[in-house]
Amino acid sequence: MSKTRYERPVIKKLETGMPNKFGTKTEYEPLTHIDGVAVNDLIGKYGSPLFVISEKTIRSTIKKAKKAFETRYPKVQFAWSYKTNYLNAVCSIFHQEGSWAEVVSGFEYDKAINLGVDGRKIIFNGPDKSEQDLTKAITNDSLIHIDHLDELYSITELAEKLNKRPRVAIRVNMDTGVYPMWDRFGFNYENGQAWDAINKIMHSEKMELVGLHCHIGTFMLSPFAYGIAAAKLADLALALEQKFKHEIKYIDLGGGFASKNTLKGSFLPGNDTNPTFDDFAEVISTALINSNFKKDKLPLLILETGRALVDEAGFLLGSVISNKRSSTGRRNTILDVGVNILFTSFWYDHKITPAQSFTHYSEDTCLYGPLCMNIDVIRESTTLPLLNKGEHVVIHNVGAYNMTQWMQFITLRPNVVLIDMDEKPHLIRSKESLENMNSMEKVPNHLERFDK
Amino acid sequence: MKLRKNVAVSEAGLLFNPVNGESYSLNPIGVEILNLIREDKSPEQIIKVILEKYSTDKATFEKDYFDFIGILEHHNLLESHEETNA
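Keep in mind that what you see is a predicted model, and the values were worked out from it rather than measured.

> Got a sec to walk through the overall build of chain A? Specific residues and values, please.
Of regular secondary structure, chain A possesses 13 helices and 22 strands. For 452 residues, the compact-globule formula gives about 22 Å, and the C-alpha radius of gyration of chain A, at 25 Å, lands near that figure. Dimensions along the principal axes, computed over C-alpha positions, put chain A at roughly 85 × 65 × 45 Å. Residue burial in chain A is summarised as follows: out of 452 residues, 44% are buried.

Below, the structure is given as structure tokens:
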């Protein structure tokens, strides 16, 4: 006779008082399969923890974003933000979907070139571009977005030296009514720095000013700030045209669109409240179309959004190491997923669901990672069903930044699997090994021996 | 170890402690264990009964059982040793 499924005994005090008027769910459906592949099978084959990326979700999300903009504005180009997730397979999906590459370092630039991206379709952003990086970008006719005057002077010198006319844009920072205002990158709009840079570029004639760029913030919860940014860049472009009889080819509004994650301290879940692609597209397109650009002279609109395009495609599978009680009787559950691989747990309350069926009994739980560090907390408080040791959980919306900002700290970084359009899993990044780590180290001869 | 005499437990898993007016909810296995405690079963007997019925191992259940007992004590639902011996 088969035995009854075990669930640990639990007693929960019934709290009286005002109910939550929003009626937040205290239980979720289990997520047993991702794109048709069983979580148990994935962990069985590739181990735990495990990052899983859904190709289907990436493709449907970029299609949704493109549709939102292309149905409202005639010329739109997406550029994939490498720093958000620069796994080669992920970048390749975006390039197949027509995205250019947006890179912010020599390393990312080389990654894009190695993948086969046409140099003319690489946007090179960021404050740190070495002479070597700039030489490569100029030679490949990439779009260089100038961040500061030192870079502007370096490009001027290199243009002379290489006898080339680099295609450049300037990054403009501005007040769009959001706090904090990002003014550390680029040239300020309000105080005249942007005009100073434009004047220098236009008078030198060493470079071709092809665009204006801004990136007003990250995880933006108000689309209206983008309307202000688009209007200010449009004004700048039109004034530039009037002064120098020079038309810029594009306006690049950067990224920063919020994904569906829930920021810590938010009252309502991000899935219900964060703006959609349509919300952002409506505000941006309206601002550009309402500007004084002639109908047939609208510039290309470039978007470098990363987080909102890939967050939902990423899942992190983990397993329960142990259940404990705190000194106050609170349930503590230790997972094999630490903050070193889930960097975003510092600012999001990630949705976490069990990967197997469960009853409706639940406990308020604090989820810890496996690191012997007090900061290793995945969720300070969440209501979860009764998880047993060895059972699996799925952490949602982890596709952005975790696979680039992760750290090899205490534990090794895990495998990453991509589930393709035919629901077939592929290993796209192997887990680290001790050999990998040791191969980068050298022990001086005098330290090789010690008493054993 | 005994459950306090005046503590009421329904079949559906609702527990009421008239001493302080607090109510609690239990899952079915929790109710089962409370009933076994009421029947004066020893921890060893309770572990045996549960292992025969549920798909778990001794180490897992033993840990969960004593954790559960600890929470019952925390909520003052068990008679203290002094009360039991009096």
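Having seen the structure, we can now continue with the description.
> Which residues make up the interface of chain B and chain A, and what are the values?
Contacts between the two partners involve 23 residues from chain B, matched on the other side by 18 residues from chain A. Elements that contribute at least two residues to the side of chain B that touches chain A include exactly β3 (22–26), α1 (28–38), β4 (54–55) and α3 (58–74) of chain B. The element contributing the most residues to the side of chain B that touches chain A is α3(B), with 8 residues. In terms of residue class, the side of chain B that touches chain A is built from 9 nonpolar, 10 polar and 4 charged. Relative to β3(B), strand β2 (residues 11–13) of chain A is paired through 3 bridges, and the arrangement is antiparallel. The residue of β3(B) that forms the bridge with K12(A) is S25(B).

> I'd love a proper account of the nonpolar core, names of residues and values included.
All names here are of chain A. One finds V52, A101, I122, V172, A230 and L233 to be the most contacted residues of the largest nonpolar core, which totals 135 residues. Among the elements that make up this core, the one with the highest residue count is helix α8 (residues 224–244) (9 residues). Formed jointly, this core draws a minimum of three residues from each of two domains, domain 1 (33–52 + 312–431) and domain 2 (56–311). Not counting residues up to four positions away in its chain, the partners in contact with I122 are W100, A101, V103, Y109, A112, V117, S142 and L143.

> I'd like a rundown of the sheet that holds strand β2 (residues 14–17) of chain B, residues and numbers included.
Here 4 strands make up an open sheet; going across it, the order is β2(A)-β3(B)-β2(B)-β1(B) and the pairing antiparallel. A single partner strand is all that each edge strand has here, and the edge strands are β2 of chain A together with β1 (8–9) of chain B. By the bridge criterion, 4 bridges tie β2(B) to β3(B) in an arrangement that is antiparallel. The residue of β3(B) that forms the bridge with L14(B) is S25(B).

> So what about the pairing of strand β18 (residues 362–368) of chain A? Which residues, and what values?
Residues and elements named next belong to chain A. Here strand β16 (residues 331–335) runs beside β18; their pairing, made up of 4 bridges, is parallel. Across the sheet, the residue bridging to R331 is T365, located in β18. For β18 and strand β19 (residues 377–385), the ladder comprises 6 bridges, and the chain directions are antiparallel. Residue pairing across strands places L367 opposite R379, the latter belonging to β19.

> Summarise the packing of helix α2 (residues 55–70) of chain A against helix α10 (residues 277–289) of chain A; cite the residues concerned and give the values.
All names here are of chain A. Relative to each other, α2 and α10 sit at 30°, their axes nearing to 8 Å. Relative to α10, the element α2 lies roughly parallel. Between α2 and α10 lies a crossing whose hand is right-handed. Contact with α2, carried on its side by K64, A65, A68 and F69, involves F277, D278, A281 and S285 of α10 and no other residues of that element. Class assignment for the residues of the contact of α2 with α10 results in 5 nonpolar, 1 polar and 2 charged.

> Give a description of α1(B) that names residues and reports values.
Burial in α1(B) covers these residues: I29(B), G30(B), V31(B), I33(B) and L34(B). On its buried face, α1(B) sits against β2 of chain A together with β1, β3, α2 (43–53) and α3 of chain B. After α1(B) finishes, the residue D40(B) shows a positive phi value of roughly 65°.

> Can you lay out the domain arrangement of chain A for me, pointing to particular residues and giving the numbers?
Residues and elements named next belong to chain A. Domain parsing of chain A yields domain 1 (33–52 + 312–431) and domain 2 (56–311). Look at where the C-alpha atoms of domain 1 and domain 2 centre, and you get two points 33 Å apart. Facing 19 residues of domain 1, the contacting portion of domain 2 comprises 20 residues. At the level of elements, α12 (402–405), β21 (416–419) and β22 (425–429) are the ones that each hand at least two residues to the side of domain 1 that touches domain 2. Its residues assigned to classes, the side of domain 1 that touches domain 2 comprises 10 nonpolar, 5 polar and 4 charged.

Calculation criteria
Counting restarts for each chain: residues are numbered from 1 in the order of the written sequence. Here every chain gets a letter starting at A, and every ligand a number starting at 1, in the order they are written. In keeping with the model being predicted, local features are shown solely for residues with a pLDDT of at least 70 and side-chain atom pairs are shown and tallied solely at 80 or more, while totals for entire chains, interfaces and linings include all residues. The secondary structure listing takes helices from DSSP runs of H or I that are at least 4 residues long and strands from runs of E that are at least 2 residues long, numbered from the N terminus. Note that the radius of gyration is over C-alpha atoms, with the globule rule given as 2.2 Å times the number of residues to the power 0.38. With C-beta atoms placed from the backbone, the exposure class of a residue follows from how many other C-beta atoms lie within 10 Å of its own: 20 or more, buried; 12 or fewer, exposed; in between, partly exposed. What counts as a contact is two residues whose backbone-derived C-beta atoms lie within 7 Å of each other. For this scheme, ten residues count as nonpolar: Ala, Val, Leu, Ile, Met, Phe, Trp, Tyr, Cys and Pro. Four count as charged, namely Asp, Glu, Lys and Arg, and the remainder, Gly too, count as polar. Pairing between two strands requires that DSSP report at least two bridges joining them. Residues enter a nonpolar core if they are buried, belong to Ala, Val, Leu, Ile, Met, Phe, Trp, Tyr or Cys, and are joined to the set through C-beta atoms within 7 Å. Residue ranges assigned to the domains are those given by an automatic or database domain assignment. Axis lines are fitted to C-alpha atoms, over the contacting stretch for helices. Their N-to-C directions set the angle, which ranges from 0 to 180 degrees. An angle below 35 degrees is read as roughly parallel, one above 145 as roughly antiparallel, one from 65 to 115 as roughly perpendicular, and any other as oblique. Should the near helix be turned anticlockwise from the far one by less than a right angle, the crossing is termed left-handed; should it be turned clockwise, right-handed.

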